[in-house]
Amino acid sequence: MNDDIRRKKLDSLFEAFSIISEESYVFLTDFTTRVSRWSANAVDYFGLEDEYMYMDERWRPKVHPDDVESYSDSIERIVSGTDNEHHMQYRVLANNGEYVVVTCRGVIIRDENGAPAYFGGAIKNHGLMSYIDTPTGLRSLYGFFDDFNSMVWKRRSAYVIMIGLNKFSNLNDVYGYKFGNSVLREIGNLIQEKFRNSGEVYRMDGTKFSVIVHDLTIEQIIDIYNEISETTVHDFYIGKERISVSLNAGAVLIDNSQISSKVFYSCLKYAYYESKNHRLGALTVFEEDTRENTRDYMEKLNIIRNSITDNCDGFYLCYQPIVNADTEELKGAEALVRWKNDKYGVVSPNQFIPALEQDPLFPELGNWILMTSVTDAKPLLTKYPDLILNVNVSYAQLEKGDFASKVLDIINEVGFPAANLCLEITERCRLLDMDLLKEVFEALKREGIKVALDDFGTGFSSIGVLREISVDTIKVDRDYVKNVEKSSSDQSTIKSISDLADAFSAEVCVEGVETAGMRDFLRKYSVNSLQGYYYSKPVSIEKFMRKYG
Ligand code: C2E
Ligand code: CA
Ligand code: CA
């Protein structure tokens, strides 16, 4: 075949590649002539001068100096026939002088005799911003998933650790991003320093970090984590200010089985929440400490997930009273979901909400929760016409375009007055577009529905949310209340939050009130309502009715 014919063949194959690789740049190299063709938009974007070149001669010089060795290695392995596929992420210099992150996937196409004929593939441009988290300078959630996927793809084994901040004891920080961002940056630095040479650190959503650790045993990792949390609790400074931050951590071992990133992430979150809710922040390894292996947990999650499609069979709601802080009269109730079946008994929402709330099925459960809770609570309104029913909503629900109209449909159908309903949203909503959040809540507020900001102080977005939507109630996270009688920083936190609430004309509800002592203490501050085991644990609607109905 002469070069002209080869060029035509290259071109027609190239067109085929381009069609199947939407939104990516395409390259194709003919092994015989060593001529390659590159997408016109890649030529523009990276300044490659011409669509045709010898191998990757104009591409390789654009690869970031820190990445070029592994890039060249991988290409070498392709050319020498050692590898069949090329899949890696690296940085490339764009025509505007900035590096962008790309993922490049290439395959060898063989001729009828099995000899390499072409090497072709697609290059995805991830751009600059999304892969780097601006406040911390670390790689972001997106970068994490990319690296995770390529690690699984290469069948490398590693521990993945999620480390999250519990709260800030010194709480000027709830006052804004700036201080909060410094805290995040410093903690990011500390984690990076301690895992230097053995792991890559990422900033995840909210106040969480992840580390992908190669070549350390779990004992070594636990030691490092303990050092980190020792430091953040006892010896941690932002500028001159000493603050104390406690941490939680979950870990999952990725061995060389092909695990989907969704399944893996659910496991990681599960371990993390075990650490947070049951192990006082100790590093919790998914398999060992939960005594359930990945498969069991996923099986359980899957059964729970299937119950959603099965008309939410197995789910039920409990109600916890919220009382007036001065008079201790019933003011409202929070609906809290549970799931139960014969094999697993009662499963707490911490075990499935974080894992499922990103699931496209979740809004269906959300609607069921709303429908069931307004139906359950409606009879209470005869005796308590001002009672407020609090229902938690997850951001997956808010994200759906019809959320507001769905809520209104449900309460209209049941005949539950809008003014008696309060939707609780959490800091996780920061993942949402603020404009969208605003729009949804403005529509709901026009109808008289109330909004509470849940778990206040555990994230950074809270202030942002407060500014954007008029929140009726701020709920102070239990974390801040546990030691309120002894800890002066918890006391000043409560005070700060109630000042803040005042500035935004919002009420304050304190959660996790477990003793009369705590109640008495909290009454010193301008707190409007109280919720906690001291008054009642969450109970069935029947029990709730017997007590208050
Ligand atoms: P949350 O919204 O912050 O709910 C308060 C949690 O604190 C509840 O746990 C409640 O049982 C617990 N609690 C209340 N008073 C006390 C106390 O005095 N001491 C202690 N130690 N704990 C107390 P629960 O029911 O296990 O719910 C956990 C989380 O699951 C909730 O936290 C919420 O984020 C989520 N969740 C629960 N129900 C729903 C729901 O219907 N929809 C959504 N989206 N999330 C839900
Ligand atoms: Ca809540
Ligand atoms: Ca809460």
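Just so you know, these numbers come straight off a predicted model, no measurement behind them. Per chain, residues are indexed from 1 in the order of the written sequence. Each chain is given a letter, starting from A, and each ligand a number, starting from 1, according to the order in which they appear as written. Per-residue local features of the predicted model are confined to residues with pLDDT of at least 70, and side-chain atom pairs are confined, for both listing and counting, to 80 or more; whole-chain, interface and lining totals are unaffected and use all residues. Just so you know, side-chain values use all the structure's heavy atoms and leave hydrogens and water out.

Caption draft 1: Geometry of unusual backbone geometry. Of note in the backbone geometry, M55 takes a positive phi value of approximately 45° without being a glycine. The helix and strand labels rest on DSSP assignments: H or I over at least four residues marks a helix, E over at least two residues marks a strand, and numbering proceeds from the N terminus. Tracing the backbone through its elements, the reader meets M55 in the loop between β3 (52-54) and α3 (68-79). Summary of the burial criterion: residues with accessible area below 20% of their type's maximum are buried, those above 50% are exposed, and those between are partly exposed, where the area comes from a 1.4 Å probe applied to protein chains only. Using a relative accessible area of 15% as the deciding quantity, one classes M55 as buried.

Caption draft 2: Highlighting the environment of M53. The residue M53 is located in strand β3 in this model. We classify M53 as buried; its relative accessible area is 4%. Sequence spacing of M53 and R34 is 19 residues, and the spatial spacing of their C-alpha atoms is 8.5 Å. For M53, the contacting residues outside a window of four places in its chain are R34, V35, S36, W38, L48, R58 and W59. We call two residues in contact when some of their heavy atoms are within 4.5 Å.

Caption draft 3: Spotlight on helix α17 (residues 488-503). Spanning 16 residues, α17 covers 23 Å between terminal C-alpha atoms, matching the ideal 22 Å at 1.5 Å per step. For α17, every residue scored as buried is listed here: D490, Q491, T493, I494, S496, I497, S498, L500 and A501. Where α17 starts, the residue carrying a side-chain oxygen 2.9 Å from the main-chain nitrogen of D490 turns out to be S487. Following α17 by one or two positions, S505 has its phi on the positive side, about 50°. Expected span of a helix, by definition, is 1.5 Å for each gap between consecutive residues, and there is one gap fewer than residues. Under the rule applied, a polar contact is a pair of N or O atoms within 3.5 Å (in protein, one hydrogen donor and one hydrogen acceptor; residues adjacent in sequence only if both atoms are side-chain atoms).

Caption draft 4: Up close: the nonpolar core. Nonpolar core, defined: a set of buried Ala, Val, Leu, Ile, Met, Phe, Trp, Tyr and Cys residues in which side-chain atoms within 4.5 Å join the residues together. Counting residues in hydrophobic clusters, the biggest one holds 108 residues, and the most contacted among them are F352, L421, L423, F441 and L444. Residue contributions to this core peak at eight residues, all from helix α7 (residues 261-278). When near neighbours in sequence (up to four residues on either side) are disregarded, F352 contacts L301, I304, F315, V337, R338, W339 and V347. Listed in part, the 29 residues of the second largest apolar core include Y159, I224, I228 and A249.

Caption draft 5: Geometry of the pattern of salt bridges. Salt bridges are identified by distance alone: a Lys or Arg side-chain nitrogen within 4 Å of an Asp or Glu carboxyl oxygen. Inspection of the entire model under this criterion finds 21 salt bridges. Across the salt bridge formed by D56 and R60, the nearest N and O atoms sit 3.3 Å from each other. Residue R60 is classed as partly exposed on the basis of its relative accessible area, which comes to 26%. When the shortest N-O distance is used, the salt bridge between R77 and D83 registers 2.9 Å. One connected set of salt bridges, linked through shared partners, spans E328, R519, D520 and R523.

Caption draft 6: Structural detail: the packing of aromatic side chains. Stacked, tilted and edge-to-face are the three classes assigned to paired rings of Phe, Tyr and Trp, where Trp is represented by its six-membered ring and a pair needs centres within 6.5 Å; plane angles under 30 degrees give stacked, over 60 edge-to-face, the rest tilted. Tallied over the entire structure, the rule returns 20 aromatic pairs. Geometrically, the ring pair formed by Y45 and F46 is edge-to-face, given 4.9 Å between the ring centres and 70° between the ring planes. Ring geometry for F315 and F352: centres 5.8 Å apart, planes at 70°, overall edge-to-face. One end of the pair, F315, is in strand β14 (residues 315-324); the other, F352, is in helix α10 (residues 349-356), with 37 residues separating them in the sequence. Under the relative-accessibility criterion, F315 is labelled buried at 6%. Here the aromatic cluster, defined as three or more aromatic residues joined through ring pairs, consists of Y25, F27, W38, Y45, F46, W59 and F119. Here K524 stacks its cationic end above the ring of F521, 3.7 Å away from the centre of that ring. Only Lys NZ and Arg CZ are tested; either one counts as a charge over a ring when it is within 6 Å of the ring centre and within 35 degrees of the ring normal.

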